[in-house]
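# Examining the three-dimensional arrangement
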Amino acid sequence: MSDGLLVTGGLGFVGSHFVWAAHEAGARVVVLDDRSGGEAAPLPDGVRVVTGDIGAAALVSALVRDERLGAMVHFAGKIQVGESVRAPRLYFDHNVARGLRLLDAALDAGVSRVVFSSTAAVYGTPEIVPIPESSVREPVNPYGASKLAFERVLSAYGDAYGLRWAAPRYFNAAGAHPRGHLVERHEPETHLIPLVLDAALGRRPALRVFGDDYPTPDGTCVRDYVHVCDLADAHLAALDALTRGAVGALNLGTGRGASVREVIDAAARALGRAVPFERAPRRDGDPAALVADASRAGALLGWRARRSELEVIVEDARRSRG
Ligand code: UDP
């Protein structure tokens, strides 16, 4: 890549894993992050980190021009489903309004390729599992709605202005870099695998299993956990594909589901100790099963999840949590 890469949200969980992968692949990376995500991930030496708001158009255009940035990977955003229900303004502001100011400033200053972090939440409660990209998109919360709205902006900009874009739709991002220097951390933590590990290590109370009467083999919810390093690789492959043409929306998952009970069992095996858990009511907005049909990413990018066996995900996550 001759021109540089603007990475928003590069201090976050998926963003920091991508920055390491891109740096190791020889890309010149500039990170824009507002540092709202708590403790920042350590990034490679030589990566410039600018603290700022993605919606600060003047800052974005100066950065893109001064650093000669030709492509953008846009990770920054609000990601908590429950919070989005209570505070939709925050979600439409960050994920749509500020995202638009970022996008317009970046395009005007010379960015021509964009990879945007999207989510399986755009599908809402799916009718078909595994879910292909063509499935009905009916988000059931403002988080999913805000991500879908931004995908639609990208699509319209692609048609009208020739913007080349890709919107990887993540299923459940999990795991951590095998070297253990990057950790999945959210404030507050709501994600299953960090909570399972912390419960097993006695750092938090027993895990609350949200619902055990779903129509799944063991009654607990089924999700498609994909290793964050696999996600990072997919973004690199998407950037490469964008040099040849449009990409569009892409599911990133393994095609295999794991239930909450299976995650608990895998963690117990990896740690060699029991995971304390208790039954709890269903969590609002949780579909019974979300599993990706990731064949489009395979066909278009030659991508498949390589590190996403549940045991590996849990083991890598455990190592990174010390
Ligand atoms: N989950 C749970 N207890 C928790 C956190 C999560 O039972 O303390 C379940 C949740 O209901 C879902 C799965 O674990 O079925 C994955 O949840 P997570 O929040 O990690 O990701 P999501 O699927 O919501 O993106």
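Only a predicted model underlies this, so the values are computations on that prediction, with no experimental measurement involved. (Residues numbered from 1 in each chain as written. Predicted model: local features only at pLDDT ≥ 70, side-chain atom pairs only at ≥ 80, totals over all residues. Heavy atoms only, no water.)

Take the overall build of the protein chain next. Looking only at helices and strands, the protein chain has ten helices and 15 strands in total. Whereas a compact globule of 322 residues would reach a radius of gyration of roughly 20 Å, the protein chain reaches 19 Å, a difference of no more than 12%. Seen along its three principal axes, the alpha-carbon backbone of the protein chain occupies a region of about 55 × 40 × 40 Å. Residues classed as buried in the protein chain amount to 55% of the 322 residues present. Within the protein chain, contacts between residues separated by at least 24 positions form 78% of all contacts whose residues are at least 6 apart in sequence. For the protein chain, the exposed surface amounts to about 13600 Å²; the carbon and sulfur share of it is 50%. Put simply, the protein chain has 37 plus and 39 minus side-chain charges, and the middle of one group is 2 Å from the middle of the other. (Helix = DSSP H or I, 4+ residues; strand = E, 2+ residues; numbered from the N terminus. Rg over C-alpha atoms; globule rule 2.2 N^0.38 Å. Buried < 20%, exposed > 50% of the residue type's maximum accessible area, 1.4 Å probe, protein only. Contact = heavy atoms within 4.5 Å. Areas by Shrake-Rupley, 256 points an atom, 1.4 Å probe, with all protein chains shown as cover. Lys, Arg positive; Asp, Glu negative; His and termini not counted. Charge placed at Lys NZ, Arg CZ, Asp CG, Glu CD.)

Positionally, serine 259 belongs in strand β13 (residues 258-259). Serine 259 sits in the buried class, given a relative accessible area of 2%. Engagement of the side chain of serine 259 in a polar contact is seen with the side chain of aspartate 218, the distance being 2.6 Å. Sequence-distant contacts of serine 259, defined by excluding residues within four places in its chain, comprise Asp218, Thr220, Cys221 and Val222. (Polar contact = N/O pair within 3.5 Å; in protein donor to acceptor, adjacent residues only side chain to side chain.)

On to the sheet that holds β13, then. Ordered in space as β13-β10-β15, the three strands form an open sheet in which the pairing is mixed. For this open sheet the edge positions go to β13 and β15 (289-290), each flanked by a neighbour on one side alone. The sheet contact formed by strand β10 (residues 222-223) and β13 spans two bridges and is antiparallel. Considered in β13, the bridge of valine 222 is made with serine 259. (Pairing = 2+ DSSP bridges.)

This brings us to the site of the ligand. Near the ligand, the surroundings consist of 15 residues, among which Leu192, Arg208, Arg223, Arg283 and Asp286 are the closest. In this structure, an oxygen atom belonging to the ligand sits 2.5 Å away from a side-chain N or O atom of aspartate 286. For the ligand, whose unbound accessible area comes to 510 Å², protein coverage reaches 87%. A total of four residues in the shell around the ligand trace back to one element, the largest contributor, which is strand β9 (residues 207-210). Looking at the shell around the ligand residue by residue, the class counts come to eight nonpolar, three polar and four charged. (Near = heavy atom within 4 Å. Nonpolar A, V, L, I, M, F, W, Y, C, P; charged D, E, K, R; others polar.)

So, about helix α1 (residues 13-24). With twelve residues, α1 should cover 16 Å at 1.5 Å per step; its first-to-last C-alpha distance of 17 Å lies within 8% of that length. Of all the twelve residues making up α1, ten are buried; the element is thus mostly covered by neighbouring parts of the structure. Residues Phe13, Val14, Gly15, Ser16, His17, Phe18, Val19, Trp20, Ala21 and Ala22 constitute the buried set of α1. Where α1 terminates, the next one or two residues include glycine 26, which has phi positive at roughly 95°. (Expected span 1.5 Å × (residues − 1).)

Where helix α2 (residues 57-66) meets helix α4 (residues 88-109), the axes come as close as 8 Å, and the angle between the chain directions of the two elements is 35°. By crossing handedness, the relation of α2 to α4 is classed as right-handed. Along its contact with α2, which presents Ala57, Val60, Ser61, Val64 and Arg65, the element α4 presents Arg101, Leu102, Ala105, Ala106, Asp108 and Ala109. (Axes fitted to C-alpha atoms, helices over the stretch in contact; angles between N-to-C directions. Left-handed = near helix turned anticlockwise from the far one by under 90°.)

Both faces of strand β5 (residues 113-116) are covered, namely the face carrying Arg113 and Val115 and the face carrying Val114 and Phe116. In this structure, strand β4 (residues 69-74) lies alongside β5, joined through four bridges in parallel fashion. Bridged to methionine 72 within β5 is valine 114.

The subject of this paragraph is the packing of aromatic side chains. Counted by the stated rule, this structure contains five aromatic pairs. On the numbers, 6.5 Å between centres and 35° between planes, the contact of tyrosine 123 with phenylalanine 171 is tilted. Taken together, the residues span a long stretch of sequence, with tyrosine 123 in the loop between β6 (118-119) and α5 (142-161) and phenylalanine 171 in the loop between β7 (164-170) and β8 (172-174) at a distance of 48 residues. Both residues of the pair, tyrosine 123 and phenylalanine 171, belong to the buried class. When the centroid spacing of 5.1 Å and the interplanar angle of 70° are considered together, the rings of tyrosine 157 and tyrosine 161 count as edge-to-face. One end of the pair, tyrosine 157, and the other, tyrosine 161, are both in helix α5, four residues apart, so they sit about a helical turn from each other. Since its relative accessible area comes to 14%, tyrosine 157 is described here as buried. Against the face of tyrosine 214 rests arginine 282, its NZ or CZ located 3.9 Å from the ring centre. (Phe/Tyr/Trp six-rings, centres within 6.5 Å; stacked < 30°, edge-to-face > 60°. Lys NZ or Arg CZ within 6 Å of the ring centre and 35° of its normal.)

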